[in-house]
Amino acid sequence: MRHHLSVGLALLQASSIAAEYVWPNKYDELEDVMMLLSGYIRKGFADAVSPCSFGTNVEGIQNAAEWIRTAYHDMATHDAAAGTGGLDASIMFELDRAENIGTAFNTTLGFMSNYYTVRTSASDLLALAVVTATSMCDGPRIPYRAGRIDATEAGPLGVPKPEEDIKTHTSRFATAGFNTTDMITMVACGHTLGGVHGVNFPEITGNSSAGQVSRFEGNNGTAFSKFDNVVVSQYLDNEPGNLLVHGSNETMNSDKRVFEADGNETMNALADAAVFQSKCADVMERMINAVPSTVTLTDEIQPAEIKPYITTLGLNSNGTIDFKGRIRVRVTAGIGRNISDLDVHLTYADHNGANASSPITTTKATTQGGTSSGLFREYFLWFEFATVIDPSTGISKFNVHVTTPSTGVVELFDNAGQGFPLEDSILYQQLQSCYSYTGENLTIAVAVKKERAEETLTLNLVHKVPRQGVIVPALEVRPVTFAKTDVEKGDYVLFQAQSPLASKSQSTTFDVILGEGDAQSTIEFQRTNVLTDVCKSL
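Residues numbered from 1 in each chain as written. Predicted model: local features only at pLDDT ≥ 70, side-chain atom pairs only at ≥ 80, totals over all residues. Heavy atoms only, no water.

A word on the nonpolar core. Formed by 81 residues in total, the largest nonpolar core has its most connected members in F45, W67, M75, L128, Y144, F259 and M284. For this core, the element with the highest residue contribution is helix α4 (residues 122-136), accounting for nine residues. For L128, the residues in contact, after removing those within four places along its chain, are L30, V33, M34, F45, Y144 and L375. Counting 30 residues, the second largest nonpolar core, distinct from the first, contains I327, L381, F413 and F420. (Core = buried A, V, L, I, M, F, W, Y, C linked by side-chain atoms within 4.5 Å. Buried < 20%, exposed > 50% of the residue type's maximum accessible area, 1.4 Å probe, protein only. Helix = DSSP H or I, 4+ residues; strand = E, 2+ residues; numbered from the N terminus. Contact = heavy atoms within 4.5 Å.)

Listed below in structure tokens is the structure:
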């Protein structure tokens, strides 16, 4: 919850942000992938589609078009009435089919694999790929929801093919929940980017050379590198260029049959640029939200106003607790925060709930100007903090105070009234953890309060398991029991868990679970790729 205060005065106003973000959240990683495209802290998800024409330096390739095509082919076999199929990443098992010809799918899935974790499903990433590619090509903003669950096997056949008649196309779109107008709109929106590759469809292009592509909006100019309605105007003006309209092989002119399916009523409407953008946003949102009936999607994911990142909460050699991290503050244009006129500090409560007397100060990050940028022109400013906590009092939660020095106005963020929670009965000891590349073995160390040292303590380690013929690995969570060491520091005792971890899984994640039921404490979604090959002594 965000409150607005003035320094030294009583509360002036309290207001809840719609669909208020609460930390931590199971979709934090997805929000990061969306909102940290570049800058001080970056995920780089849009790198492959920026600029819009980019094709990883491969002749004829446009990654943005490939991302949208992959998501459409994955969704196309959705059965809306039966509640099966849809955007579920089943396409990863379906690449031996004639309806999924070309390298675009494995190229797209290979890139998505860089972001694939137990918190970011392949199907959620494919949906985000559509949103990102469209945005980076100056297309409309498509609301993004998460929660998709990946299929574990191939789905049915049924992606429309260019040689099929209009009755078949219309029927298959209808099965997926889209009427004739939707079908025309989706094809027009999808074909504002990309084109027909001769190596895949020589019967259409008449040229099977590697790298040869006949773009839907023609090979002259750069219209293909912008999400616009040129594909519509060229069709209505009967201009050549789109070989799925004006191809010499009439059987393969699927765009022509689709576009004229309602007597050009929809295409005439899409000739208006604003209508085109609006209708594309609508139909593409519905496309990525076509999911099995067993899946419930989240509300639209919005950028968090304030988001903490805890980099260290662990014992140091002095027996005190190092508490380090970053605070990300949203400073997008128009929301009222001046990037040059902000300060941040934290207040916290001990493990008994009593408020600590001294605030935790922060400093503005300086690398890359201390800023990051995300989708939809979102902009963020970062503040760093580092302090030491007395383990006898500990820490249980904190609040974030964002001050505008020029006016004295303070925004208090208290995480929906509950504070940003921390757990000090179990501490992740990153410096005492390591990964041996030569031995392919992982060691994870945690410090546990002695009063809880007899409770069950488990490491849940995610392994990436190769699947034959599938570029995306399976993720298997394997539990490992911790063993108590003879190392003690004040009220804490050190535990270690060791596990074989193949080098292909080295960049993975893990959770630590202490205790059971209501008394359970966890350390979640920690990454192994930050570990060195030496476990240091405490």
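After that view, the rundown keeps rolling.
What follows concerns the layout of surface pockets. A volume near 1500 Å³ is recorded for the largest pocket. Lining the largest pocket are 44 residues, and of these I310, T311, E524, F525 and Q526 sit closest to its centre. Looking at the lining of the largest pocket, the elements that each hand over two or more residues are α1 (28-35), β6 (306-315), β7 (321-330), β16 (426-428) and β24 (521-527). Counting residues per element, the lining of the largest pocket draws most heavily on β6, which supplies nine residues. Residues belonging to the lining of the largest pocket are distributed by class as follows: 20 nonpolar, eleven polar and 13 charged. As a volume, the second largest pocket reaches approximately 980 Å³. If you trace the second largest pocket, you find 47 residues lining it, with R69, H73, H191, F201 and F216 closest to the centre. Counting only elements with at least two residues in the lining of the second largest pocket, the list comes to α2 (63-75), α5 (166-175), α6 (180-190), β4 (195-197), α7 (202-205), α10 (254-259) and α12 (273-288). (1 Å grid on protein atoms, 1.4 Å probe; cavity = no way out; pocket = protein on both sides within 12 Å on 5 of 7 lines; lining within 4 Å. Points joined across faces, edges and corners; volume = space filled by probe spheres on them. Nonpolar A, V, L, I, M, F, W, Y, C, P; charged D, E, K, R; others polar.)

Let us now look at the state of the cysteines. Considering all chains together, one arrives at three disulfides under this definition. Between the sulfur of C52 and that of C137 lies a disulfide, 2.0 Å long from S to S. Taking the sign of the S-S torsion, about 95° here, the bridge from C52 to C137 comes out right-handed. Taken together, the residues C52 in the loop between β3 (38-39) and α2 and C137 in the loop between α4 and α5 connect sequence positions 85 residues apart. Of the residues examined, C137 reaches a relative accessible area of 0% and is grouped as buried. Between the sulfur atoms of C434 and its disulfide mate C535 the distance is 1.9 Å. Its S-S torsion of about -85° marks the bond between C434 and C535 as left-handed, since a negative value means left-handed. With C434 in strand β17 (residues 434-436) and C535 in the segment after β24, this residue pair connects regions lying 101 residues apart in the sequence. Cysteine pairing in the chain follows 1-2, 3-4, 5-6, where each cysteine in a disulfide is numbered by its order in the sequence. (Disulfide = S-S within 2.5 Å.)

Right, let's talk about the pairing of strand β12 (residues 378-389) for a bit. Here ten bridges tie β7 to β12, and the two strands are oriented antiparallel to one another. Among the inter-strand pairings, R330 is bridged to a residue of β12, identified as F380. As paired strands, strand β10 (residues 363-364) and β12 are joined by two bridges and run antiparallel to one another. Within the sheet, the bridge partner assigned to T363 lies in β12 and is E384. As paired strands, strand β11 (residues 371-374) and β12 are joined by four bridges and run antiparallel to one another. For S372, the partnering residue across the bridge sits in β12 and is F380. Counting the residues between successive antiparallel strands, the hairpin from β11 to β12 contains three residues, one of them, F376, with a positive phi of roughly 60°. (Pairing = 2+ DSSP bridges.)

The next point concerns the pattern of salt bridges. Inspection of every chain in the model, using the stated rule, returns 28 salt bridges. Between R286 and D182 there is a salt bridge whose closest N-O contact spans 2.8 Å. Here the residue R286 occupies a position in helix α12, and D182 occupies one in helix α6, the gap between them amounting to 104 residues. The buried category is assigned to D182, whose relative accessible area is 10%. (Salt bridge = Lys/Arg side-chain N within 4 Å of Asp/Glu carboxyl O.)

Relative to the elements of secondary structure, H246 occurs in helix α9 (residues 243-246). Relative accessible area serves as the criterion here: at 31%, H246 is assigned to the partly exposed category. Discounting chain neighbours no more than four positions away, the residues touching H246 are N238, E239, P240, G241 and N253. At 3.1 Å, the side chain of H246 forms a polar contact with the backbone oxygen of E239. (Polar contact = N/O pair within 3.5 Å; in protein donor to acceptor, adjacent residues only side chain to side chain.)

With that settled, the discussion passes to the sheet that holds strand β19 (residues 457-467). What the four strands build is an open sheet, ordered β20-β19-β23-β24; its pairing is antiparallel. In the strand order of this sheet, the two ends are held by β20 (470-481) and β24, each with one partner. Going from strand to strand, the sheet's axes swing by 20° on average, the running direction of each strand aside. Bridging between β19 and strand β23 (residues 509-514) involves five bridges; their strand directions are antiparallel. What sits directly across from T458, in β23, is I513. (Axes fitted to C-alpha atoms, helices over the stretch in contact; angles between N-to-C directions.)

Among the structural elements, R337 can be located in the loop between β7 and β8 (343-349). Overall, the relative accessible area of 9% leaves R337 in the buried class. There is a polar contact of 2.9 Å between the side chain of R337 and the side chain of E305. A polar side-chain atom of R337 sits 2.8 Å from the main-chain carbonyl oxygen of R330.

Here we take up α1. Residues lying three or four places apart along an α-helix face the same way, a consequence of the helix completing one turn every 3.6 residues. With respect to burial, α1 is a largely interior element, eight of its eight residues being buried. D28, E29, L30, E31, D32, V33, M34 and M35 are the residues of α1 that are buried. Considering only its buried residues, α1 is in contact with α4, β6, β7, β11, β12 and β24.

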